[in-house]
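Read off the chains here:
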Amino acid sequence: MNKRILEMIGGRLAVAILSLFLVSLAVFFITELLPGDTAQELLGQAVTTEAASQLRETLGLDRPAILRYFEWIFGLLTGDLGYSHVSDRPVASLVAERLPNSLTLAAVTMAITIPLALSLGIFAAIWKGSIFDRAISSVAIMLVSFPEFMIATLLVMWLSVYLQWLPALSFIPTTADLHTVVLAYIMPVSVLVFGSCSQMIRLSRAAIADAMVTPYVEMAMLKGASRSRMVLGHALPNSVAPIVNSVALSMSGLLGGVIIVETVFNYPGLAKLMVDGVSTRDMPLIQTCSMIFCGFYLVLITAADIIAILSNPRLR
Amino acid sequence: MTHQFDKSRFSRNDDSAVENAIRRGATRRDLLRMLAAGGVVAATAGMFAGSARNAVAQTPKRGGALRVALNSTSTADTLDPVRASAQGDYMRMSTFYNKLTVLDNSFTPQMELAESFDTTDAKVWTIKLKTGVTFHNGKTMDSADVVYSLSRHVDPKLTSRANALAKAMTKIEAVDKSTVRIELDQPNADLPAILGTYHFVIIPDGTTEFTKAVGTGPYITEVFEPGIRTVGKRNPNYFKSDAAFVDSIEMFGIPDENARLNALLSGDIHIGASMDARSAPLVKANPNLRLMVAPGGSYTNLNIRMDMEPGSKKDFIDGVRALINRDAINRAVLRGFGEPHNDQPIQRASRYFNAEVVPPAFDPERAKHHFEKAGLLGVGIPLVCSEAAKASPDMAMVLQQDAAKIGVTIDVQRMPADGYWSNQWIKAPFHFGNINARPTADILFSLLYKSDAAWNESRYVNPKFDQMLLEARGSLDEAQRKQIYGEMQAMVAKDAATIIPAYIASADAMSTKVGGLNPHPLGMLQGYNIADTVWLDA
Amino acid sequence: MTVSTAPRRKIRFQIRPIAAVCLLVVLFWIVVALFAPLLVHYPAGDMVSYDYFGPMSKEYWLGTDYLGRDIYSRLIVGTRYTIGIAFVGLILAALIGITLGLLAAAFGGVFDTILSRAIDTFVGIPNLLLALVIVAGGGSSIPILIGAITVIFFPGCYRFTRSMAVNVNALDFISAARARGEGHFYIMIHEILPNIAGPIMADLGLRFVHIILLLSGLSFLGLGVQPPNADWGALVRENMIGISYGSPAVVVPSLALASLALAINLLIDNLPQRVRDQLE
């Protein structure tokens, strides 16, 4: 690896860290702007002025925002995520209860989606215009045209209520065995695979098709090279960058963007945690969740960038 | 019920449904009523309450892991009694802790951790505690724990949700190991009932950590994850011998009604709390499920401010009273998940309910006469409603349609749920409200009808009523209290302009394997308290 | 994304039959949305029947919903909410995104870098979650919904426009225009924009579908258009239990949603080759 590549990678990392800092600022001060505050939300009907200010004092909400921001950032850097105002427990423990769930769901989904979508996309590109290609494209379009909640609900009605094959909830009892766990994951993972697969198929097919219209490939084809060889040997390596980018984008959505699946299957993940946080104005919780989502996104995008740099033949 | 339903795969013909009902323990009278109503499919939900009553007669079985889905959950879920505010919190309170008393099906306090409550003036109370009761951590419960637990609700720093009730206790002290003395700011004969409400559970002296619940209750916390789940395993040293039948109880929230129903239909959960009237036919059509309907819960009422136009005209109030069609509201709006009521807040189930107070009959002609006298025929009368007050937009519609028939124009204004309670409720001259069930007559009357009550919805002012309220509160003579409260109900029904057409029932759906549960007037899941009595037939 | 185009070549539209059908579906819903008040039979919020989840009938063409309201009327009014909110949101997002994208491409340099980075921070939070945060925080009302859509979708418009414009910007005829001494704004409006208008329109079409699905997702979570009004997503949600009764109350709005989304997707998929190439 030469110096130039290292410099470029270093640059990407620096930009990612700067972005994360910007996000932290934006998140903190935007949540500050939300109307209503934790004290009022917590007390509900029983709210009185004295009770609210008492509670605000207890929670430390009466101090200036800028001071709280730096305390929070400092805590974050030293690994202390603070206390949730609403549940009176460390944010770290709330997150720890759910992060593994979200990561598991995302990982299982990706483990199925990436090979499936890429191979379908590649085959569609190889046999461009064939029945296979058209069938794949049509199914992909159908799937992105139906709202996720409809697909999820219909699956539940069919597989859980009517056939009674699968549990309606992916809310696994604490004492579950492996069999139960696998059954519980089938439906939510399928719904997510449907969603992310169709995007990835379309993008990878398009990226490869794009790489196929270069003069070099056209020349080789004229000389009698087979289409499948050109796709695998030439177009695919040249379309790594857009494909990796699209994989990174859909992966980042799988951590926080699965609120509907979490709702329908009652799956305890991070997205629901954040929505809870917003509805009770639980700042430390909202901030931590947004930092996790943005951090995850930046890690993926930066990784995709780096892979793109490394795979670029002109830089090798 | 609809036509469409008959054709669906969930339908059962009447014969098999009746058969099911018999199997589930419907009485002969229930069946006759069903048949009279033109078939089970058309029967109202309330009739199935009978099957729940029957379940208790069977012998409880021990063992099993019970899964209960509530209708809400969030990170605000708590085990701390001063923070408890959601339905799930109340469930946790009764699962892991005990109170000094519990409220039975007529709101009468029964002793739980207390042995007895004694007083001569209803102001100074001496409470004898049961002995030999131990907490989950092995410590024996004594007076210091009770003093600590109750004092936390009085301490303004802890902002207890029960502070309004608790602050009447001006002095809470231990007399000896098993005796507590409580002094009130003024006589209140309801203290044993107040200490039987959700928040006043007993925790060990000095507890400040609530990641696990240390109580004396039937179950011991195994898992508590706010917004996710709560799991309790049976307390082997529970002080009640004939209670806590299942091995473990798992509680979690499924806020989406449809998801809750599906989980129940697919057998993922044993109990789905608080189901909608529209899910009821599906539950009833499934032979493995049953519905428990509790007639209490809450009421939605129609309020007329008597200090504002047009409520200052007595004829307007009388006109509305004659025009409100309680039957239609019950049938079409609440779909049988309600019970016609008589314009005063005390529930039918309460031991103080005055059955002699009868609501005026639906009589459009008489209503027309009153509106005419008030000069309000053909004048647009604004009526404020909102989704925030359960079912009020639909009730408004029923009233509007009946009014149109006699030439009265009601201008229904539907307000957004956000801010309804602070901007419209009580403030608008003609509007809807919604009040949750409260355990004592005193709480309801002082909260809603006392002349200076902040929540006096119709601005009912009557010094004689206020005086009777104080008299009943301080009286230790049950017969006298019943008589005074009875009279007060008649006064409110006749003179206050808060029309309470129906109490709204809450219904829990459950597997037929679940036994030991009865409808409770405090609302869903036996008044948020199932841990002692519930059992599973594996 | 390669763009190799000479300035202002005429696009020859060859309409495929499937595209024609899709176009008709889209136009149908637009007409319904525009003339909604003339088409309804009953006020959309009124309970017209005591029969909930009633079947299709002469009086109630598409049956009644969970409260005994007329589905046909609610669907018509719902069309207005769904298409109206999505459309206004899209226009605002497009105005902001396209303007900034063109500016970034025309000026380039530090301005471009800063703007791109700043806008990138928005993309880090998943769409639906960001919408939820905005709506849960600000309360659900139509202006808030439109605002949320704008905030969520303008970065995408920006990125697309910018990348298209940067490609065009590097072409000879732009350099020629610069050499003629034309200003940044002239080049933006008269040279770059007409050459990327086709793909941008197609991209906006795809975004419109995303917006409709996002709105319906919000409604499904109870944070979309608030009762008694309802968009399509809310109609599906509030009648969900009707599935078990085989009620049209839940089937019809689902079909409406799917038909519009599918029609737009297929329409764009069957656009003339030239525009599609640019899109990919």
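Residues numbered from 1 in each chain as written. Chains lettered and ligands numbered in written order. Predicted model: local features only at pLDDT ≥ 70, side-chain atom pairs only at ≥ 80, totals over all residues. Heavy atoms only, no water.

1. Regarding the overall build of chain A
Counting secondary structure elements, chain A contains 14 helices and 0 strands. Walking chain A from its N terminus toward its C terminus, one meets helices and strands in the order α-α-α-α-α-α-α-α-α-α-α-α-α-α. For chain A, the proportion of contacts with a sequence separation of at least 24, taken over those separated by at least 6, is 71%. Element-wise, carbon and sulfur atoms account for 70% of the exposed surface of chain A, whose accessible area totals about 14,400 Å². (Helix = DSSP H or I, 4+ residues; strand = E, 2+ residues; numbered from the N terminus. Contact = heavy atoms within 4.5 Å. Areas by Shrake-Rupley, 256 points an atom, 1.4 Å probe, with all protein chains shown as cover.)

2. What about the interface of chain C and chain A?
Taken together, the contact between chain C and chain A spans 36 residues of the former and 36 residues of the latter. Here chain C and chain A share 0 salt bridges between them. On the surface where chain C and chain A come into contact, there are 1 residue pair in polar contact (both at pLDDT 80 or more). The dominant element in the side of chain C that touches chain A, judged by the number of residues it contributes, is helix α10 (residues 248-269) of chain C, at 8 residues. (Salt bridge = Lys/Arg side-chain N within 4 Å of Asp/Glu carboxyl O. Polar contact = N/O pair within 3.5 Å; in protein donor to acceptor, adjacent residues only side chain to side chain.)

3. Quick word on the pattern of salt bridges
Scanning the entire structure with this criterion turns up 38 salt bridges over all chains. Across the salt bridge formed by Asp133(A) and Arg205(A), the nearest N and O atoms sit 2.8 Å from each other. Separated by 72 residues along the polypeptide, Asp133(A) in helix α6 (residues 131-145) and Arg205(A) in helix α8 (residues 178-212) bring together distant segments of the chain. Arg205(A) gets classed as buried once you look at its relative accessible area, which sits at 17%. Here Arg481(B) ties to Asp190(B) by a salt bridge, and the two come within 3.1 Å at their closest N and O atoms. Taken together, the positions of Arg481(B) in helix α18 (residues 478-495) and Asp190(B) in the loop between β7 (179-184) and α8 (191-194) put the pair 291 residues apart, joining distant regions of the chain. Asp190(B) shares its class with Arg481(B); the two are buried. A cluster of three or more residues bridged by salt bridges with shared partners is formed by Arg67(B), Glu225(B), Arg229(B) and Glu250(B). (Buried < 20%, exposed > 50% of the residue type's maximum accessible area, 1.4 Å probe, protein only.)

4. Brief notes about the side chain of Ser216(C)
Relative to the helices and strands, Ser216(C) resides in helix α8 (residues 184-220). Since its relative accessible area comes to 1%, Ser216(C) is described here as buried. If we skip the residues at most four places from it in the chain, Ser216(C) touches Pro147(A), Phe149(A), Asp231(C), Gly233(C) and Leu257(C).

5. Focus on unusual backbone geometry
Here the amide bond leading from Glu309(B) into Pro310(B) is cis, since omega sits at -5°, within 30 degrees of zero. Along the chain, the position of Pro310(B) falls in the loop between β12 (289-304) and α11 (314-323). Positioned with a positive phi, Gln164(A) is a non-glycine residue whose angle comes to about 60°. By secondary structure assignment, the location of Gln164(A) is in the loop between α7 (148-162) and α8. We note that Tyr528(B) has phi near 60°; this positive angle belongs to a residue other than glycine. Along the chain, the position of Tyr528(B) falls in helix α19 (residues 524-528).

6. Concerning the sheet that holds β7(B)
Residue and element names in this part refer to chain B. Reading across from one edge, β4-β5-β7-β6 is the order of the 4 strands in this open sheet, with antiparallel pairing throughout. The open sheet has two edge strands, β4 (114-119) and β6 (169-176), and neither has a second partner. Recorded for the sheet is a direction-independent mean angle of 20° between the axes of neighbouring strands. Bridge analysis of β4 against strand β5 (residues 124-129) gives 5 bridges, and the strand direction is antiparallel. For Ser116, the partnering residue across the bridge sits in β5 and is Lys128. Contacts from helix α6 (residues 143-154) reach β5, β6 and β7 within the one sheet, and its direction differs from that of β6 by about 170°. (Pairing = 2+ DSSP bridges. Axes fitted to C-alpha atoms, helices over the stretch in contact; angles between N-to-C directions.)

7. Focus on a nonpolar patch on the surface
Residue and element names in this part refer to chain C. Where nonpolar side chains cluster on the molecular surface, the patch consists of Leu23, Leu24, Leu27, Ile30, Val31, Leu34, Phe35, Leu38 and Leu39 and spans about 840 Å² of accessible area. Within the residue set of the nonpolar patch, elements represented by two or more residues are α1 (17-34) and α2 (36-39). Counting residues per element, the nonpolar patch draws most heavily on α1, at 6 residues. Within the secondary structure layout, Leu38 lies in helix α2. Judged by its relative accessible area of 69%, Leu38 is exposed. (Patch = residues over 30% accessible without salt bridge, like charges linked within 9 Å, V, L, I, M, F, W, Y side chains within 5 Å.)

8. As for the environment of Ser254(C)
Looking at the secondary structure, you find Ser254(C) in helix α10. The contact partners of Ser254(C), leaving out residues within four places of it in the chain, are Met150(A) and Val236(C).

9. Quick notes on the packing of aromatic side chains
Counted under the stated rule, the structure contains 25 aromatic pairs over all chains. Where Tyr299(B) meets Tyr503(B), the ring centres are 5.2 Å apart and the plane angle is 80°; that geometry is what we call edge-to-face. With a gap of 204 residues between them, Tyr299(B) in strand β12 and Tyr503(B) in strand β18 (residues 502-511) connect regions that are remote in the sequence. An identical accessibility class is assigned to Tyr299(B) and Tyr503(B); each is buried. Joined through ring pairs, the aromatic side chains of Tyr352(B), Phe445(B), Tyr449(B), Tyr460(B), Phe465(B) and Tyr485(B) make up one cluster. Its end group placed over the ring of Phe220(C), Arg237(C) keeps NZ or CZ at 5.9 Å from the ring centre. (Phe/Tyr/Trp six-rings, centres within 6.5 Å; stacked < 30°, edge-to-face > 60°. Lys NZ or Arg CZ within 6 Å of the ring centre and 35° of its normal.)

10. Re helix α17 (residues 463-474) of chain B
Residues lying three or four places apart along an α-helix face the same way, a consequence of the helix completing one turn every 3.6 residues. Between its first and last C-alpha atoms α17(B) spans 17 Å; for 12 residues at 1.5 Å apiece the expected length is 16 Å, and the two agree. In this fold, the buried residues of α17(B) make contact with α16 (441-448) and α18 of chain B. (Expected span 1.5 Å × (residues − 1).)

11. Quick notes on the packing of α16(B) against α17(B)
The packing of two helices is summarised by the inter-axis angle and the distance between the axes. Residues and elements named next belong to chain B. As a packed pair, α16 and α17 sit with axes 11 Å apart at the nearest point and diverge in direction by 155°. The orientation of α16 relative to α17 falls into the category roughly antiparallel. α16 and α17 meet at a crossing whose hand is left-handed. Across the interface between the two elements, Asp442, Phe445 and Ser446 of α16 pack against Phe465, Leu469 and Arg473 of α17. (Parallel < 35°, antiparallel > 145°, perpendicular 65-115°, else oblique. Left-handed = near helix turned anticlockwise from the far one by under 90°.)

12. Observations concerning α10(C)
For α10(C), spanning 22 residues, the distance from its first C-alpha to its last is 30 Å, which sits close to the expected 32 Å at 1.5 Å a residue. For α10(C), the tally of buried residues reaches 17 of 22 residues, placing the bulk of the element in the interior.

13. Observations concerning the pairing of strand β14 (residues 380-386) of chain B
Looking along a regular strand, one sees side chains alternate from face to face of the sheet. All names here are of chain B. Burial of β14 is extensive: 5 of the 7 residues sit out of reach of the surface. One ladder, built from 7 bridges, connects β14 with strand β15 (residues 409-415); its direction is parallel. Paired with Leu383 across the two strands is Val412, which belongs to β15. For the segment spanning β14, helix α14 (residues 392-405) and β15, crossover handedness is right-handed. (Right-handed = clockwise from strand over helix to strand, strands pointing away.)

14. Quick notes on the pairing of β12(B)
All names here are of chain B. In terms of burial, β12 is largely enclosed, as 15 of its 16 residues are buried. Two elements, β12 and β18, share 8 bridges in a ladder whose sense is antiparallel. Of the residues in β18, the one forming a bridge with Leu291 is Ala509. Strand direction decides the pairing type here: β12 and strand β17 (residues 498-499), joined by 2 bridges, are antiparallel. Across the sheet, the residue bridging to Leu302 is Ile499, located in β17.

15. Comments concerning the packing of α1(C) against helix α3 (residues 71-107) of chain C
All names here are of chain C. The interhelical angle for the contact between α1 and α3, taken along N-to-C directions, is 105°, at an axis separation of 8 Å. Classified by the angle between their axes, α1 and α3 sit roughly perpendicular to one another. Residues Trp29, Ile30, Val32, Ala33 and Leu34 of α1 form the contact with α3, whose participating residues are Leu75, Ile76, Thr79, Arg80 and Ile83. By residue class, the composition of the contact of α1 with α3 is 8 nonpolar, 1 polar and 1 charged. (Nonpolar A, V, L, I, M, F, W, Y, C, P; charged D, E, K, R; others polar.)

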